Amino acid sequence: PTFMTRPGNIAVRSADHDGNTALHFCVLSCSKTSFQKLFPLFEPLEWKELRNSQGMNPLDVCLAEIESRRQSKGKEKSLEYLEYMREEMEKSSQT
């Protein structure tokens, strides 16, 4: 999927055919750098409303990915990135 509208511009609120937004993909790909750039563009209530076709917002996806990767060996770095994303989303939802 592409979230690029023009070179250098990202349509952060667009979604693919599964309803996943760019923020969902940051989590699914364990891209801490992309997450750090995209997440500040969203207000807490806004990102919580971004639901994919499974009804999951980015935090829900993150929690599911953490659980899945905890059961896999050799995924320590991606687990570290997911934990970082989880902490940031939980922290922002408390404000």
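Refer to the structure presented above.
Let us look at the structure shown here. What you are looking at is a predicted structure, and each value in this text was computed from that prediction instead of being measured.

Analysis parameters
Residues numbered from 1 in each chain as written. Predicted model: local features only at pLDDT ≥ 70, side-chain atom pairs only at ≥ 80, totals over all residues. Heavy atoms only, no water. Helix = DSSP H or I, 4+ residues; strand = E, 2+ residues; numbered from the N terminus. Buried < 20%, exposed > 50% of the residue type's maximum accessible area, 1.4 Å probe, protein only. Contact = heavy atoms within 4.5 Å. Phe/Tyr/Trp six-rings, centres within 6.5 Å; stacked < 30°, edge-to-face > 60°. Core = buried A, V, L, I, M, F, W, Y, C linked by side-chain atoms within 4.5 Å. Axes fitted to C-alpha atoms, helices over the stretch in contact; angles between N-to-C directions. Parallel < 35°, antiparallel > 145°, perpendicular 65-115°, else oblique. Left-handed = near helix turned anticlockwise from the far one by under 90°. Nonpolar A, V, L, I, M, F, W, Y, C, P; charged D, E, K, R; others polar.

**Let's talk about the environment of Val 61**
With respect to the secondary-structure elements, Val 61 resides in helix H4 (residues 58-70). Taking relative accessible area as the criterion, Val 61 reaches 5% and is therefore assigned buried. Through-space distance from the C-alpha of Val 61 to that of Leu 82 is 9.9 Å; in sequence the pair is 21 residues apart. The contact partners of Val 61, leaving out residues within four places of it in the chain, are His 24, Val 27, Leu 28, Asn 52 and Met 56.

**Considering the packing of aromatic side chains**
Under the definition given, this model contains three aromatic pairs. Taking the centre distance of 4.8 Å and the plane angle of 15 degrees together, the rings of Phe 35 and Phe 39 count as stacked. On the basis of relative accessibility, which here comes to 1%, the residue Phe 35 falls in the buried class. Centre to centre, the rings of Phe 39 and Trp 47 are 5.7 Å apart; their planes meet at 55 degrees, and the pair counts as tilted. Each of the two residues, Phe 39 as well as Trp 47, counts as buried.

**Focus: the side chain of Glu 65**
Tracing the sequence through the fold places Glu 65 in helix H4. Not counting the four nearest positions on each side in its chain, Glu 65 is found in contact with Leu 28 and Leu 82.

**Thoughts on the nonpolar core**
Grouped together as the largest cluster of nonpolar side chains are 19 residues, with contacts concentrated most on Trp 47 and Met 89. Contributions of two or more residues to this core are made by helix H1 (22-28), helix H2 (32-38), H4 and helix H5 (76-93). Contact partners of Met 89, with chain neighbours within four places excluded, come to Val 27, Phe 35, Phe 39, Trp 47, Pro 58, Leu 59 and Cys 62.

**Concerning the packing of H4 against H5**
The relative placement of two packed helices is expressed as an angle between their axes plus a distance between the axes. The N-to-C vectors of H4 and H5 enclose an angle of 150 degrees; their axes lie 9 Å apart at closest approach. Classified by the angle between their axes, H4 and H5 sit roughly antiparallel to one another. Note that H4 runs across H5; the crossing there is left-handed. On H5, the residues that touch Pro 58, Leu 59, Cys 62, Leu 63, Glu 65, Ile 66, Arg 69 and Arg 70 of H4 are Ser 78, Leu 79, Leu 82, Glu 83, Met 85, Arg 86, Met 89 and Glu 90. Classifying every residue of the contact of H4 with H5 gives nine nonpolar, one polar and six charged.

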